[in-house]
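Descriptive analysis of the structure
Residues per chain, in single letters:
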Amino acid sequence: MNAPIRDAATIIVVRDHATTPRVLMGQRGAKAAFMPSKYVFPGGAVDAQDASAPLATPLLETDQAALRDASTTAPNALATAAVRELLEETGQRLTAPYTGTWAGLTDEAPHASALQFVFRAITPPGRPRRFDARFFMVNADDLTGNLDDFSNAEDELSHLHWVPLSEARALDVPFITEVVLAEIAARVSTPGPRNVPFFDNSGATSVFRYLGLTAA
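Owing to the predicted nature of the structure, the values given are computational and were not obtained by experimental measurement.

1. Considering the pattern of salt bridges
Enumeration according to the criterion identifies 15 salt bridges in this entry. Through salt bridges with shared partners, one network takes in Asp47, Asp50, Arg84, Glu85 and Glu88.

2. Looking at helix α1 (residues 61–68)
The set of residues buried in α1 consists of Asp63, Gln64, Ala66 and Leu67. Within α1, the buried residues cover an arc of 165° as seen down the axis, which keeps them to one side. Where α1 is buried, its residues contact α2 (75–90), β7 (116–122), β8 (130–139), β10 (194–200) and β11 (207–214). One or two residues past the end of α1 sits alanine 70, with phi positive at roughly 60°.

3. Points about the pairing of β10
Both β7 and β10 contribute to a ladder of 2 bridges, which runs parallel. Residue alanine 121 lies in a different strand from β10, and its bridge partner there is phenylalanine 199. Once β10 ends, the chain turns through 6 residues before running back antiparallel as β11.

4. A look at the pairing of strand β2 (residues 22–28)
Of all 7 residues that make up β2, 6 are buried, and the element is covered over most of its length. Where strand β1 (residues 5–15) meets β2, 2 bridges bridge the pair, whose relative direction is antiparallel. Counted as the bridge partner of arginine 15 is arginine 22 from β2. Linkage of β1 to β2, two consecutive antiparallel strands, is achieved through a turn of 6 residues, within which aspartate 16 is found at a positive phi near 60°. Direction of pairing for β2 relative to strand β9 (residues 157–164): antiparallel, over a ladder of 6 bridges. Bridge pairing in β9 places glutamine 27 opposite serine 158. As paired strands, β2 and strand β3 (residues 39–40) are joined by 2 bridges and run antiparallel to one another. The residue of β3 that forms the bridge with glutamine 27 is tyrosine 39.

5. Quick notes on the side chain of arginine 187
Positionally, arginine 187 belongs in helix α3 (residues 175–189). Engagement of the side chain of arginine 187 in a polar contact is seen with the side chain of glutamate 183, the distance being 2.9 Å.

6. Some remarks on the nonpolar core
Residues Ile11, Val13, Leu94, Leu115, Phe136 and Val138 are the most contacted members of the largest nonpolar core, which totals 40 residues. For this core, the secondary-structure elements that each account for two or more residues are β1, α1, α2, β6 (105–110), β7, β8, β9 and β10. With near-sequence residues (within four places) excluded, leucine 115 lies in contact with Ile11, Leu59, Asp63, Ala79, Val83, Leu94, Phe136, Met137 and Val138. Of all hydrophobic cores here, the second largest spans 24 residues; its members include Val118, Ala133, Leu181 and Val188.

7. Examining α3
With 15 residues, α3 ought to run about 21 Å at 1.5 Å a step, and its terminal C-alpha atoms sit 22 Å apart, in line with that. Taken as a whole, α3 has its buried residues at Ile176, Thr177, Val180, Leu181, Glu183, Ile184, Arg187 and Val188. Buried residues in α3, looked at end-on, bunch into an arc of 165°, giving them a common side. In α3, those exposed residues whose orientation departs by more than 90 degrees from the buried face are Phe175 and Ser189.

Basis of the calculations
Throughout this document, residue positions are counted from 1 along each chain, in the order its sequence is written. Residue-level local features of this predicted model are given only where pLDDT is at least 70; pairs of side-chain atoms are given and counted only at 80 or more, and the full residue set underlies all totals for whole chains, interfaces and linings. The side-chain numbers reported here are obtained from all heavy atoms of the structure, hydrogens and water having been left aside. Any carboxyl oxygen of Asp or Glu that lies within 4 Å of a side-chain nitrogen of Lys or Arg is treated as forming a salt bridge with it. A simple rule labels every residue: compare its accessible area, found with a 1.4 Å probe on the protein chains alone, to the largest value its type can have, and call it buried under 20%, exposed over 50%, or partly exposed in between. Comment: elements are numbered from the N terminus, with helices defined as DSSP H or I runs of at least four residues and strands as E runs of at least two. It is the directions from the helix axis to the C-beta atoms whose arc is reported. We call two residues in contact when some of their heavy atoms are within 4.5 Å. Any two strands between which DSSP finds at least two bridges are classified as paired. Counted as a polar contact is a pair of N or O atoms within 3.5 Å, where, for protein atoms, one must be capable of donating a hydrogen and the other of accepting one, and residues adjacent in sequence contribute only when both atoms are in side chains. Only buried Ala, Val, Leu, Ile, Met, Phe, Trp, Tyr and Cys residues count toward a nonpolar core, and they belong to the same one when joined by side-chain atoms within 4.5 Å. Expected span, for any helix, means 1.5 Å times one less than how many residues it has.

And the structure:
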């Protein structure tokens, strides 16, 4: 029996756009049930509380529309999950001032308007875990705090570091991460509105199509 498909969000933080772009990645544990020992971006499943969490700034309307294409999952829940996973797995914060608390932070909440929806992929059948993953890109300049401080990260990812975008595909990465890295490289080198690639493996046959345009 195939594993159920869970909504998930992944965040690709890009540093030094104009010079030598780098992306934040870490290595999953050797005993992890999903993608053991692979280098990945921060990310994970959407939690129930993500749907009702506050946002300090909203997602752009173009990104919300693309996220709703062929999906009933609330865009805000996906954005919150991406920012929460970044905080948990790296200690880095993509937040803005907000009156209240979120994820243990005071007077901060997700800065969702900095996110750009760039990719979507559903894990193929036969895997121990399956996710409907939405990938978001964000400029490291929008993060709060020291970009090289991972001391508040949980232990899910090791070897957290900024990898040159041109070298990232040489790491031991999952196939889908290779594809996403190519999309990120294209967006960094040629800014502007682009359609969002969608690898739909929800059924027996893989389907590829594009979702709506998202902003640069």
